[in-house]
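Take a look at the letters that make up each chain.
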Amino acid sequence: MKIATIRTSDQVIIPLQQHDGAVCSSLVSVGDTISVGQLIGDGEFRIHSSVSGEVTAISELPHPSGREVLSVVIKVHDGANVHEGASEESEPEELSTGKIRRIIRDSGIVEPNGRLTLCAKADINTIIINGTNTDDLTANAALMTNSPSEIIYGLKALMKTVGAKKAVIVIELGSAALQIMRTETIPDNNIKIIATPTYYPPGTENVLSRKFAGKKVPRGSTPEDRGVLITSVTAIRAVYDALHGTPMIKKVVTVAGAVGSPGNALVEIGAPIKHVIDECGGCSGTPVKIIMDGAVSGMAQYADEVPVIKTTTGILVQTERDINREPQTPCINCAWCVDECPIGLMPHLLYGYADSAQFDKCAELYIGDCVECGLCAYVCPSKLPLVQIIRYGKHGVAEIAAAEMEVSE
Ligand code: SF4
Ligand code: SF4
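## Considerations on the domain arrangement of the protein chain
Here the protein chain is partitioned into domain 1 (3-83 + 249-320), domain 2 (92-243) and domain 3 (336-408). Inter-centroid distance (C-alpha atoms) of domain 1 to domain 2 is 24 Å. The interface is formed by 22 residues belonging to domain 1 together with 18 residues belonging to domain 2. Taken together, the residues of the side of domain 1 that touches domain 2 sort by class into eight nonpolar, ten polar and four charged.

Encoded structure:
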């Protein structure tokens, strides 16, 4: 599977929030000249420049989440956008645990769901890499087929860092990556490749933990509490890059739908999605919707200047014929959404409480556990925008929690 390298955009927009947490502080000012790989944002997370150029603005700009987020805008300098990295090559076993941990943290590696890859806890027994593809996005398979040894290197380094004795890479039956990864892991008894039928949603951490590590995760806990660290192919590849001197400044993104040359492309963080679509052959037909991160679980975008960020997995372009427009009607309490929710939530109640800003009720019903898979909205006969409103509810709960924390400090 080919990964296309596309031209660098003339301008990048790098949001200072690219993980599930607080906005970072900017370390640069308007007018600064910066180089590729330079640290530009710091806080509980680190953000580096994906290009060399001049900072032309630092302001609140559209973000893939639908909000406006403080972002650094960089006008790219011609011809100077190569990150050298480090030439030294050591096996993960030769590196100290502390050194690996520090490098991973400093490189700003984040999972597609926004969680930081490196857990704070040390008592991890098993690492699970989710190598399945979400919706129609194939970036995971492309990364594994193109760089299997780098994936195993990154995995071994992470295993050493957290003290994991074994690891599992979950790949769909029929994926081109399956045999390649099996061959790559033949000499290692601690890393297993598990082939699984296609299922949805594939990235639910608690489900992965139960299915592939045999550890059920009670409500309110995480797989890490049960000694299981769930990670992604993207993050593991980024660990390899970090240990070779390159922070997380690029992403393999699937560009799909109504585009001239659909496929996977290696994209600089901060590249506007319009640029990425243009580099992949442009829109074929008149686009009416651009969705980031998958048809079912992704988010429709308000602007095509929204940038690719570290959590971006795909860009889907839809024309009028791809869209099924049906009117929204009131909830009929059929409970189909409840039956489908993989987390065991009550989406119709969450929808009602979030829609009426009763965020305390949302919290009581564990709205924070929603993985935004979109299944509830998919089955809803009333065509209610369940996921969007649940996202709004999660945001409301998080704001109340942050305000309470401020008061208690
Ligand atoms: S999006 Fe809907 S179905 Fe999916 S986890 Fe959230 S509430 Fe459940
Ligand atoms: S599926 Fe839709 S109509 Fe049925 S209970 Fe859920 S929200 Fe209501």
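## Here's the deal with the site of ligand 1
Near ligand 1 lie 16 residues; those nearest to it are Cys341, Pro347, Cys370, Cys373 and Cys376. Elements with a minimum of two residues in the shell around ligand 1: helix 11 (375-379) and helix 12 (386-408). Broken down by element, the residue count for the shell around ligand 1 peaks at three residues, all from helix 12. A class-by-class count of the residues in the shell around ligand 1 yields 13 nonpolar, one polar and two charged.

## Observations concerning the environment of His19
The residue His19 is located in the loop between strand 2 (11-15) and strand 3 (25-26) in this model. Residue His19 is classed as buried on the basis of its 23 C-beta neighbours within 10 Å. Separated by 358 residues in the primary sequence, His19 and Ala377 have C-alpha atoms spaced 25 Å apart. Ignoring anything within four residues of it in the chain, the contact list for His19 reads Phe45, Val110, Gly114 and Leu116.

## Re the sheet that holds strand 5 (residues 39-42)
Spatially, three strands are ordered 3-5-6 in an open sheet, and the strand pairing comes out antiparallel. For this open sheet the edge positions go to strand 3 and strand 6 (47-48), each flanked by a neighbour on one side alone. Judged from the two bridges that link them, strand 5 and strand 6 form a sheet pairing that is antiparallel. Bridged to Leu39 within strand 6 is His48.

## Some remarks on the packing of helix 3 (residues 148-162) against helix 4 (residues 177-184)
The interhelical angle for the contact between helix 3 and helix 4, taken along N-to-C directions, is 55°, at an axis separation of 10 Å. With respect to each other, helix 3 and helix 4 are oriented oblique. Judged by the sense of rotation from one axis to the other, the crossing of helix 3 with helix 4 is right-handed. Residue-level inspection shows Pro148, Ser149 and Ile152 of helix 3 in contact with helix 4, the latter providing Ile180, Met181 and Glu184. Partitioning the contact of helix 3 with helix 4 into residue classes produces four nonpolar, one polar and one charged.

Rules of the game
- Residues numbered from 1 in each chain as written.
- Chains lettered and ligands numbered in written order.
- Predicted model: local features only at pLDDT ≥ 70, side-chain atom pairs only at ≥ 80, totals over all residues.
- Domains from an automatic or database assignment.
- Contact = placed C-beta atoms within 7 Å.
- Nonpolar A, V, L, I, M, F, W, Y, C, P; charged D, E, K, R; others polar.
- Near = placed C-beta within 6 Å.
- Helix = DSSP H or I, 4+ residues; strand = E, 2+ residues; numbered from the N terminus.
- Buried ≥ 20, exposed ≤ 12 C-beta atoms within 10 Å, placed from the backbone.
- Pairing = 2+ DSSP bridges.
- Axes fitted to C-alpha atoms, helices over the stretch in contact; angles between N-to-C directions.
- Parallel < 35°, antiparallel > 145°, perpendicular 65-115°, else oblique.
- Left-handed = near helix turned anticlockwise from the far one by under 90°.

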